Amino acid sequence: MSHAWVRHKKVQWAVVELDHASTGYDLVGGDMPIKRRNGGLSDAPMLVPDRGDSARTGLKDAWVVVCGRDDPLWVNGLPLAATGIHVLNDRDEVLLNDRTRLYFSTERLARAEPFVAGEVETICPRCKKPIETGTLAVPCPGCDVWYHEDEGRPCWTYAATCVLCSRSTDMSAGYTWTPLAL
Ligand SMILES: [Zn+2]
Ligand SMILES: [Zn+2]
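Residues numbered from 1 in each chain as written. Chains lettered and ligands numbered in written order. Predicted model: local features only at pLDDT ≥ 70, side-chain atom pairs only at ≥ 80, totals over all residues.

Comments concerning the overall build of the protein chain
Then comes step 1: Across its full length, the protein chain carries 1 helix and 14 strands.
Then comes step 2: Out of the 182 residues belonging to the protein chain, those deemed buried represent 26%.
Then comes step 3: Here the contacts in the protein chain between residues at least 6 apart in sequence split such that 37% fall between residues at least 24 apart. (Helix = DSSP H or I, 4+ residues; strand = E, 2+ residues; numbered from the N terminus. Buried ≥ 20, exposed ≤ 12 C-beta atoms within 10 Å, placed from the backbone. Contact = placed C-beta atoms within 7 Å.)

Observations regarding the domain arrangement of the protein chain
When the parts of a complex come together, some accessible area is lost, and that lost area is often taken as the interface size.
Then comes step 1: Domains assigned within the protein chain are domain 1 (3-105) and domain 2 (110-169).
Then comes step 2: The gap between the C-alpha centroids of domain 1 and domain 2 is 32 Å. (Domains from an automatic or database assignment.)

Some points on the environment of W13
Then comes step 1: Inspection of the secondary structure assignment puts W13 in strand 2 (residues 12-17).
Then comes step 2: The class of W13 is partly exposed, set by 14 C-beta atoms lying within 10 Å.
Then comes step 3: C-alpha separation for the pair W13 and P125, spaced 112 residues apart in sequence, amounts to 36 Å.

Remarks on the sheet that holds strand 13 (residues 136-139)
Then comes step 1: Spatial ordering of the open sheet is given by 12-13-14, a layout of 3 strands whose pairing is antiparallel. Each of the sheet's edge strands pairs with one partner strand only, and the pair in question is strand 12 (113-114) and strand 14 (146-148).
Then comes step 2: Where strand 12 lies against strand 13, 2 bridges are found, and the strand directions are antiparallel. Residue E113 lies in a different strand from strand 13, and its bridge partner there is A137. (Pairing = 2+ DSSP bridges.)

Considerations on the sheet that holds strand 4 (residues 34-36)
Then comes step 1: The 5 strands lie next to each other as 4-3-5-6-9, forming an open sheet whose pairing is antiparallel. Two strands close off the open sheet at either side, each with one partner strand: strand 4 and strand 9 (85-87). Strand-to-strand twist of the sheet, defined as the mean angle between neighbouring strand axes without regard to direction, takes the value 25°.
Then comes step 2: As paired strands, strand 3 (residues 25-27) and strand 4 are joined by 3 bridges and run antiparallel to one another. Across the sheet, residue Y25 finds its bridge partner in strand 4, namely R36. (Axes fitted to C-alpha atoms, helices over the stretch in contact; angles between N-to-C directions.)

Considerations on the environment of M1
Then comes step 1: Relative to the helices and strands, M1 resides in the segment before strand 1 (3-8).
Then comes step 2: Separated by 140 residues in the primary sequence, M1 and P141 have C-alpha atoms spaced 9.7 Å apart.
Then comes step 3: With residues up to four places along the chain from it excluded, the contact list for M1 reads E17, L18, D61 and R108.

Quick notes on unusual backbone geometry
Negative phi characterises most residues that are not glycine, and trans characterises most peptide bonds.
Then comes step 1: Of note, R91 is a non-glycine position whose phi angle comes to about 70°, a positive value.
Then comes step 2: Tracing the backbone through its elements, the reader meets R91 in the loop between strand 9 and strand 10 (93-96).
Then comes step 3: Take R91: there are 16 C-beta atoms within 10 Å of it, and that puts it in the partly exposed class.

What about the nonpolar core?
Then comes step 1: The biggest cluster of nonpolar side chains holds 22 residues, and the ones touching the most others in it are A4, L27, L47 and L102.
Then comes step 2: Excluding residues that lie within four positions of it along the chain, L102 makes contacts with A4, W5, V6, P33, I34 and V94.
Then comes step 3: Counting 12 residues, the second largest nonpolar core, distinct from the first, contains C124, C140, C155 and C162. (Core = buried A, V, L, I, M, F, W, Y, C linked by C-beta atoms within 7 Å.)

Some details on the pairing of strand 13
Then comes step 1: Across 3 bridges, the pairing between strand 13 and strand 14 is antiparallel. Each bridged residue has a counterpart across the sheet, and for A137 the counterpart in strand 14 is H148.

Structural notes on the environment of L88
Then comes step 1: Relative to the helices and strands, L88 resides in the loop between strand 9 and strand 10.
Then comes step 2: With 22 C-beta atoms packed within 10 Å, L88 lands in the buried category.
Then comes step 3: C-alpha separation for the pair L88 and G142, spaced 54 residues apart in sequence, amounts to 19 Å.
Then comes step 4: When residues no more than four places from it in sequence are discounted, the contact partners of L88 are W63, V64, V65 and F104.

Next comes the structure, spelled out in structure tokens:
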């Protein structure tokens, strides 16, 4: 899931997971700079899920930042013109009027979820067997390939890394990219 790194009370970086089914988030600055929208109009700059883009490009988790009416906003150091929008890329920096900084990240964590089989059979790269609908499985955050991950067949965590992209399979590991790395 895409998420934003925000600095809570200007002290600690925190992750806000961005719910793509929501109507978006207002960027209000201050102590908790990002606030889930509850519909209605707003003059604040905001993050909005880009559903049109997902139909066109196949990206499931695209977001745009929309400039507010009065508040200047900078994306990667460049001012976003009034009424301007910008399709966010991984690790884009957004700077608000009050010098609140946030980072957009598309990095995902490995999570087991019930698998839904498509028309073409999905073969687990670890055990080479098909993954059936309803089985708990993990999509590799690095390469999107699915692995079994249920009690009888913990294929994802069977080895330390993904067979295909060498991503770590440690389910308790956090995000590999954080603003602290800057
Ligand atoms: Zn398997
Ligand atoms: Zn992988």
